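Residues per chain, in single letters:
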Amino acid sequence: MSVTSTTAAPTHPQHHLAASSDLRTIGMVWRRELIRFVRTRTRILTSFVQPILFLFVLGYGMSSLVGTTGGFDFKKFVFPGIVAMTVVTTAIFSAISIVWDREFGFLREMLVAPVSRGALVIGKTLGGASVATVQGTIMLALAPLIGVHLTPLLVLEVIGLEMLMASALTAFGVFVASRIQRMEGFQVVMQLVLFPMIFLSGALFPLSGIPAWLAVITRINPLTYAVDPLRHVVFAAQNMPAAAVARFETGVTIFGYLVPLYLEIVIVLVFLVVFLSLAIVGFSKKD
Amino acid sequence: MIEQERSPLPPAAHEGAHAIEVDNLAKRYGEVEAVKGVSFTVEHGEVFAFLGPNGAGKTTTIRMLCTLTQPTGGRASIDGYDVSTRARDVRQRIGLVFQEQTLDQQLTAEENLRFHAVLYGVPKSEVDARIDRALRMVQLIDRRSDLVSTFSGGMARRLEIARGMLHTPAVLFLDEPTIGLDPQTRALMWEDVLRLRREEGVTIFLTTHYMEEAEYADRIAIIDQGKIVALDTSGALKRTIGADTVELATGNDDLAAKNLEAAGFNIKRGDDEVVAFVENGEAQVASIIAAAGTPIRTVKVHRPTLEDVFLHYTGRQIREGQGGGPTPPHFMHFARRR
Ligand SMILES: Nc1ncnc2c1ncn2[C@@H]1O[C@H](COP(=O)(O)OP(=O)(O)OP(=O)(O)O)[C@@H](O)[C@H]1O
Ligand SMILES: [Mg+2]
């Protein structure tokens, strides 16, 4: 139906302030996410359980199978994937809270306010993304245990990529939340979308030498293009012998074409913009 | 960011615009006609009440006036701004206390208000003072740093009312504002609401199914099944149905109703009584009893109440939902027999 918050007559004094009031709104919605995050300590802790379990079970389990090439083993390979997994799950779960807001009514308080839906959605996305980035970065503390070297530059690169990945996934989650009225619906979507997306993104296994059908799915999965750059920068900072580089390949190839890093980032950015826009449209609907 | 004082709201869309103008407004949800074409006008500074039973269409009307629901017929405007085409202008000048709770349970009372202040563009320099005043008004100043999840239902309600007033809207919508409040808090809330009207000229639109609450309003619209069946001041509404109300509890209400109707009385069937609307109750009791033609158990004669008005116009009674509130003797009489 009609898209609300269309701009009114330009004579309106408040409209000179629209940009600054939108910024203030974005800041407030973002702050609320952080406040809620800090207050739910159990959520912080439990959101580490799954990735750590994966890291150790999968990492150690597969390492014995895959073996060590030039001092590089599967644990080190999977580590960036586990960081990505932490970021993605946290981002999606932050976005879920909108469905809670809907059930507990707070969403109405936001939607009736004279602010643009864009500011609300962007604030929410930034908030969820920040929380997810923090969680992912905390995971880096396990790096020494795995034998992955961290440099200040690497940490900065990782944070940047986490922020991008987290924003894209939160925007996606916010869009899903805009279409879903009840909590149960979200659980279903997550089981059917989130977990397949993670498992088929190359986070947990190399993308080369897999069956063709699987290769096609992984190349369609946008998350693939968010995970690969993360692994790329982590590997680039390690002193990997040529044999290890060949054994644990990075980079996504499509019909033999190696998608360059910048293009991967562009793909994730496009994903972000598309779902941000869809989310804004989704919340502009009236019944 | 540059800090600018929020300038006073720009004037109404056009000269002589009413606070609320509603013309044949309708809402259909599939098969359900929630609101079937209502029309009314609310003046600036007026307290206007929608009185109606569950499912009458009160909330649906409010949602349309607050731009949350798209009308399927007719039109409505706030200060001359159409709710469908000028949603943002409308939102800028309204406050809304929802029927359901809409607080963030994981934030403190103060944080909830701060969030609201930002959403409504309250100037930064004024935010603290306004929050203080709002919390004092609803007597929650000592609980300002407590999470809302630790509040009782009544406290949360008070906080929501304080929040609705925080940005001093031009029109304040209150959807069943006092549900779950004890009598003292209700009275306090009304003091606040009426002060807001007096001092800031705020227009108030409220819905309720409490008769005594509707009495606070300058004018009352009785709404039933999506239609306004009567609209006037409380006094005028009562006058239209006659000077007195005679209530009979009989052994056979059907028979009594039939006989009285045949005898030319203006009567309505309540759930377990027959009510006659007459000019001089005391004088006519004897002839009413004689005309009823069935044994009478009790007779009550009183001035019409809004409950009687409602019964008169809809043929049904609004029952007090939740308890609480100063219950007039009239209600106690009903309550006892339930
Ligand atoms: N979103 C919706 N979808 C379908 N039907 C709806 C919707 N909202 C309201 N209705 C229907 O519209 C009618 C009016 O509902 P509304 O909530 O406006 O009543 P109300 O007067 O506020 O009642 P109450 O006193 O119980 O709050 C009801 O029959 C209700 O079932
Ligand atoms: Mg209602």
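Computed from a prediction, not measured in an experiment: that's the story for all the values here.

About the thresholds
Per-chain numbering applies: the sequence of each chain, read as written, is numbered from 1 onward. Chains carry letters from A onward and ligands carry numbers from 1 onward, assigned in written order. Note on the predicted model: pLDDT of at least 70 is required for a residue's local features to be given, and 80 or more for side-chain atom pairs to be given and counted; whole-chain, interface and lining totals, by contrast, use all residues. Excluded from the side-chain calculation are hydrogens and water; included are all heavy atoms of the structure. Numbering of helices and strands runs from the N terminus, with a helix taken as a DSSP run of H or I at least four residues long and a strand as a DSSP run of E at least two residues long. The buried label applies to any residue whose accessible area, calculated with a 1.4 Å probe on protein chains only, is under 20% of its type's maximum; exposed applies above 50%, and partly exposed to all values in between. Residues are treated as being in contact if the distance between any of their heavy atoms lies within 4.5 Å. Accessible surface area values rest on a Shrake-Rupley calculation with a 1.4 Å probe, where residue burial reflects the displayed protein chains alone. Think of it this way: one heavy atom of a residue within 4 Å of a molecule or strand is enough to make that residue near it. By the criterion applied in these results, polar contacts are pairs of N or O atoms within 3.5 Å in which, for protein atoms, one can donate a hydrogen and the other can accept it, and in which residues neighboring in sequence qualify only through two side-chain atoms. When residue character is reported, Ala, Val, Leu, Ile, Met, Phe, Trp, Tyr, Cys and Pro are called nonpolar, Asp, Glu, Lys and Arg charged, and the others, Gly included, polar. Each aromatic pair joins two rings of Phe, Tyr and Trp (for Trp, the six-membered one) with centres within 6.5 Å, and gets the label stacked for planes under 30 degrees apart, edge-to-face for over 60, and tilted for any other angle. For a Lys NZ or an Arg CZ to count as sitting over a ring, it must be within 6 Å of the ring centre and within 35 degrees of the ring normal. As a rule, N, O and S atoms within 2.8 Å of a metal are its donors, except that Na, K and Ca use 3.2 Å; water is not among the atoms, so sites may look incomplete. Within this scheme a cavity is a closed region of a 1 Å grid, computed over the protein atoms alone, that accommodates a 1.4 Å probe without allowing it to escape, whereas a pocket is open but has protein on both sides within 12 Å along at least five of seven lines; lining residues each have an atom within 4 Å of a point. Grid points are joined across faces, edges and corners, and a volume is the space filled by probe spheres set on the points. Here, a salt bridge means any Lys or Arg side-chain nitrogen found within 4 Å of an Asp or Glu carboxyl oxygen. Throughout the structure description, domain borders are defined by an automatic or database domain assignment. A 1.4 Å probe defines the accessible area here, and the buried area is the portion of it lost by two parts on being joined, summed over both. Among buried residues, the Ala, Val, Leu, Ile, Met, Phe, Trp, Tyr and Cys ones that are joined through side-chain atoms within 4.5 Å form a nonpolar core. Helix span, expected: 1.5 Å multiplied by one less than the number of residues in the helix. A residue's bend is given by the angle between axes fitted to the 7 residues ending at it and the 7 residues starting at it.

**Details of the overall build of chain B**
Point 1. The helix and strand inventory of chain B stands at 12 helices and 14 strands.
Point 2. The principal-axis extent of the C-alpha atoms belonging to chain B is close to 80 × 45 × 40 Å.
Point 3. Here chain B, with 338 residues, has 55% of them falling under the buried criterion.
Point 4. Put simply, 72% of the contacts in chain B that link residues at least 6 apart link residues at least 24 apart.
Point 5. If you sum the accessible surface of chain B, you get close to 13,600 Å²; carbon and sulfur atoms cover 50% of it.

**Some words on the site of ligand 1**
Residues and elements named next belong to chain B.
Point 1. Surrounding ligand 1, one finds 13 residues, the nearest of these being Gly 55, Lys 58, Thr 59, Thr 60 and Gln 99.
Point 2. With respect to ligand 1, the backbone of Gly 57 contributes an N or O atom lying 2.9 Å from an oxygen atom.
Point 3. A distance of 2.5 Å separates an oxygen atom of ligand 1 from a polar side-chain atom of Thr 60.
Point 4. In isolation ligand 1 exposes 630 Å². Once the protein is present, 63% of that is buried.
Point 5. Elements with a contribution of two residues or more to the shell around ligand 1: strand E2 (32-42) and helix H1 (58-65).
Point 6. Examining the composition of the shell around ligand 1, we find that three residues originate from one element, H1, more than from any other.
Point 7. Here the residues of the shell around ligand 1 are counted per class, giving five nonpolar, six polar and two charged.

**Looking at the packing of aromatic side chains**
Point 1. Counted according to the given criterion, the structure contains 19 aromatic pairs over all chains.
Point 2. Ring centres of Trp 100 of chain A and Phe 104 of chain A lie 5.5 Å apart, and the angle between their planes is 10°; on these two criteria the pair is classed as stacked.
Point 3. A relative accessible area of 45% means that Phe 104 of chain A is categorised as partly exposed.
Point 4. Ring centres of Phe 172 of chain A and Phe 271 of chain A lie 6.0 Å apart, and the angle between their planes is 35°; on these two criteria the pair is classed as tilted. Residue Phe 172 of chain A is located in helix H7 (residues 152-179), and its partner Phe 271 of chain A is located in helix H12 (residues 261-284); the two are separated by 99 residues in the primary sequence. An identical accessibility class is assigned to Phe 172 of chain A and Phe 271 of chain A; each is buried.
Point 5. In this structure an aromatic cluster arises from ring pairing among Phe 40, Phe 48, Phe 50, Phe 173 and Phe 205 of chain B.
Point 6. The ring of Phe 115 of chain B has Arg 32 of chain A sitting right over it, with the charged end atom 6.0 Å from the ring centre.

**Considerations on the coordination of the magnesium ion (ligand 2)**
Point 1. Coordination of the magnesium ion (ligand 2) by the protein is provided by Thr 59 of chain B (OG1) and Gln 99 of chain B (OE1), with metal-donor distances spanning 1.8 to 2.1 Å. With Thr 59 of chain B in helix H1 and Gln 99 of chain B in the loop between strand E6 (94-97) and helix H3 (109-119), this residue pair connects regions lying 40 residues apart in the sequence.

**Quick notes on empty space enclosed by the protein**
All names here are of chain A.
Point 1. Applying the stated criterion across every chain yields a total of five cavities of 30 Å³ or more.
Point 2. One number sums up the size of the second largest cavity: a volume of about 100 Å³.
Point 3. Lining the second largest cavity, in full, are Ile 98, Leu 107, Met 110, Leu 111, Arg 117, Leu 120, Val 121, Lys 124, Val 174 and Phe 283.
Point 4. Contributions of two or more residues to the lining of the second largest cavity are made by helix H4 (106-111) and helix H5 (117-139).
Point 5. The element that contributes the greatest number of residues to the lining of the second largest cavity is H5, accounting for four residues.

**Describing the pattern of salt bridges**
Point 1. Tallied over the full model, the rule gives 34 salt bridges over all chains.
Point 2. In this structure, the salt-bridge partner of Arg 182 of chain A is Glu 103 of chain A, at a minimum N-O distance of 3.7 Å. Taken as a pair, Arg 182 of chain A in the loop between H7 and helix H8 (183-199) and Glu 103 of chain A in helix H3 (residues 74-103) lie far apart in primary sequence, 79 residues in all.
Point 3. Here Glu 103 of chain A falls in the partly exposed class, since its relative accessible area comes to 36%.
Point 4. When the shortest N-O distance is used, the salt bridge between Arg 269 of chain B and Asp 254 of chain B registers 2.4 Å. Within this pair, whereas Arg 269 of chain B is found in strand E12 (residues 266-269), its partner Asp 254 of chain B is found in helix H9 (residues 253-262), the two being separated by 15 residues in sequence.
Point 5. Put simply, Arg 32, Glu 33, Arg 36, Asp 101 and Lys 124 of chain A together with Asp 104 of chain B are held in one network by salt bridges that share partners.

**A word on unusual backbone geometry**
Point 1. Although it is not a glycine, Phe 255 of chain A adopts a positive phi angle of roughly 45°.
Point 2. On the accessibility criterion, Phe 255 of chain A (88% relative accessible area) is exposed.

**Quick notes on the interface of chain A and chain B**
Point 1. Taken residue by residue, the interface counts 41 residues in chain A and 48 residues in chain B.
Point 2. Our count for the chain A to chain B interface comes out at six salt bridges.
Point 3. With a closest N to O distance of 3.5 Å, Arg 163 of chain B and Glu 109 of chain A form a salt bridge.
Point 4. Between the two partners, chain A and chain B, sit nine residue pairs in polar contact (both at pLDDT 80 or more).
Point 5. Of all the elements in the fold, those that place two or more residues in the side of chain A that touches chain B are helix H1 (18-39), H4 and H5 of chain A.
Point 6. Across the side of chain A that touches chain B, the residue classes tally to 18 nonpolar, 12 polar and 11 charged.

**Things to note about the environment of Pro 169 of chain B**
Point 1. Relative to the helices and strands, Pro 169 of chain B resides in the loop between helix H5 (153-166) and strand E7 (171-175).
Point 2. As for Pro 169 of chain B and Ile 94 of chain B, which are separated by 75 residues in sequence, their C-alpha atoms are 4.9 Å apart.

**A few points about the domain arrangement of chain B**
Residues and elements named next belong to chain B.
Point 1. Looking at chain B, the domain boundaries give domain 1 (20-233) and domain 2 (236-314).
Point 2. The interface is formed by 15 residues belonging to domain 1 together with nine residues belonging to domain 2.
Point 3. The largest share of the area that domain 1 buries against domain 2 comes from Met 211, Ile 222 and Thr 233, three residues that together contribute 43% of it.
Point 4. Our count for the domain 1 to domain 2 interface comes out at one salt bridge.
Point 5. Measuring nitrogen to oxygen at the nearest pair gives 2.9 Å for the salt bridge that ties Lys 238 to Glu 215.
Point 6. Listed by contribution, the elements that provide at least two residues to the side of domain 1 that touches domain 2 are helix H7 (211-214), strand E9 (219-224) and strand E10 (227-232).
Point 7. A breakdown of the residues in the side of domain 1 that touches domain 2 according to their chemical character gives 10 nonpolar, two polar and three charged.

**Quick look at the nonpolar core**
Point 1. In this structure, Leu 169 of chain A together with Ile 20, Phe 40 and Phe 173 of chain B are the most contacted members of the largest nonpolar core, which totals 123 residues.
Point 2. Among the elements that take part in this core, H3 of chain A stands out by supplying 16 residues, more than any other.
Point 3. When sequence neighbours within four positions are dropped, the list of residues in contact with Leu 169 of chain A reads Val 88, Ala 91, Ile 92, Met 197, Leu 223 and Phe 271 of chain A.
Point 4. Membership of the second largest hydrophobic core comes to 30 residues, among which are Leu 174, Leu 181, Ala 217 and Phe 310 of chain B.

**Regarding H8 of chain A**
Given 3.6 residues to a turn, an α-helix orients residues that are three or four positions apart in the same direction.
Residue and element names in this part refer to chain A.
Point 1. In this model H8 runs 23 Å from its N-terminal to its C-terminal C-alpha over 17 residues, within 8% of the 24 Å that 1.5 Å per residue would give.
Point 2. Along its length, H8 shows its largest kink, about 40°, at Met 190.
Point 3. Listing the buried residues of H8 in full gives Met 183, Phe 186, Met 190, Leu 194, Phe 195, Met 197 and Ile 198.
Point 4. Its buried side turned inward, H8 meets helix H2 (41-66), H3, H7 and H12.

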